[in-house]
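Reading the structure
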Amino acid sequence: MSDHSTDLRETVRETVRERYAAAAVQVTEGGTACCGPQPIEVDATFGSTLYAADERDALPAEAVAASLGCGNPTAVADLHEGDRVLDLGSGGGIDVLLSARRVGPTGKAYGLDMTEEMLALALANQRKAGATNVEFLKGTIEAIPLPANTIDVVISNCVINLSTDKPAVFAEMFRVLAPGGRIGISDVVADDRLTPGQRAERGDYVGCIAGALSFTEYRDGLAAAGFTDIELIPTHAVADGMHSATVRATKLSAARRDNH
């Protein structure tokens, strides 16, 4: 990789970090988070309104206020009692806390975030929620600080599109998943007809959409990492030709591999 490419990735990552740190501080001080250099209205496209009222009501107000996502991955992932769940880009902790409730005391929910301010907010929300089967980790989604084959379900809410190295993210998800594990993700995905330049015109990285892969690129990237049973379903438009989508895929168990 060239020094220029490395510098560009670091610049984008730092821009993302700064924006989400500012969002965390805003929520901590009693405001509502936004997603982008200009605040995005929290409506039917982004934010906590994408969660059911009973889910929002069961969580600390700060966890709900810090929701910046484009979907509800805990609904996508079909979580079960005892599952070990990892949320990539866990922010204020809304999806981790919801996951912890679903997997119960025999399961565990991990949250991974690179932003100190978001991690501090998430830990405060964990204490308010009284969640004991939760652990928040500092790190990047391109280098997950967990051993291989230790997670049953990876979830994420409108975060993978922010990464400048999506193949690394897909490879890391595959690595940490146990055989038979699965992903249940909400993310922004572009129509195949849009060029990278056209995607960039529709928003910037911190606005959650310019870094989006196309449907074909997303599917091919997951397949290259080793995933099977790949499914991408658009749920609602976030810009012209850009969609919030649910993404599901599986890491085959040894038994299923042998039968293929």
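Everything below is about the structure shown above.
Read on for an overview of the structure. (Residues numbered from 1 in each chain as written. Predicted model: local features only at pLDDT ≥ 70, side-chain atom pairs only at ≥ 80, totals over all residues. Heavy atoms only, no water.)

**A short note on the sheet that holds strand 2 (residues 108-113)**
Read across the open sheet, the 7 strands follow the order 3-2-1-4-5-7-6; overall the sheet is mixed. The two strands at the open ends of the sheet, each matched to only one other strand, are strand 3 (134-138) and strand 6 (228-239). Ignoring strand direction, the axes of neighbouring strands in this sheet form an average angle of 15°. As defined by bridge partners, strand 4 (residues 151-157) adjoins strand 5 (residues 177-190) across 6 bridges and the pair is classed as parallel. Considered in strand 5, the bridge of N157 is made with S186. Helix-sheet contacts for helix 6 (residues 116-129) involve strand 2 and strand 3, and the interaxial angle to strand 3 is about 170°. Relative to the sheet, helix 9 (residues 215-225) contacts strand 5, strand 6 and strand 7 (242-250), its axis offset from that of strand 6 by approximately 150°. (Pairing = 2+ DSSP bridges. Helix = DSSP H or I, 4+ residues; strand = E, 2+ residues; numbered from the N terminus. Axes fitted to C-alpha atoms, helices over the stretch in contact; angles between N-to-C directions. Contact = heavy atoms within 4.5 Å.)

**What about the pairing of strand 7?**
Each regular strand carries side chains that alternate between the two faces of the sheet. Within strand 7, 8 of the 9 residues are buried, which leaves the element mostly enclosed by the surrounding structure. Looking at chain direction, strand 5 and strand 7 are connected through 9 bridges and run antiparallel. Within the sheet, the bridge partner assigned to S186 lies in strand 7 and is T246. Pairing geometry for strand 6 and strand 7, over 8 bridges, is antiparallel. (Buried < 20%, exposed > 50% of the residue type's maximum accessible area, 1.4 Å probe, protein only.)

**Focus on the nonpolar core**
Counting 29 residues, the largest nonpolar core has L86, L88, V154, M173, I183, Y218 and L222 as its most contacted members. Elements with a minimum of two residues in this core: strand 1 (84-88), strand 2, strand 4, helix 7 (166-176), strand 5, helix 9 and strand 7. Those residues within four positions of V154 in sequence are excluded, and the remaining contacts are L86, L88, M173, V176, L177, R182, I183, G184 and I185. (Core = buried A, V, L, I, M, F, W, Y, C linked by side-chain atoms within 4.5 Å.)

**Re the side chain of N125**
As for its position among the elements, N125 is in helix 6. Look at N125 and you get buried, because its relative accessible area is 0%. From its side chain, N125 meets the backbone oxygen of G92 in a polar contact 2.8 Å long. (Polar contact = N/O pair within 3.5 Å; in protein donor to acceptor, adjacent residues only side chain to side chain.)

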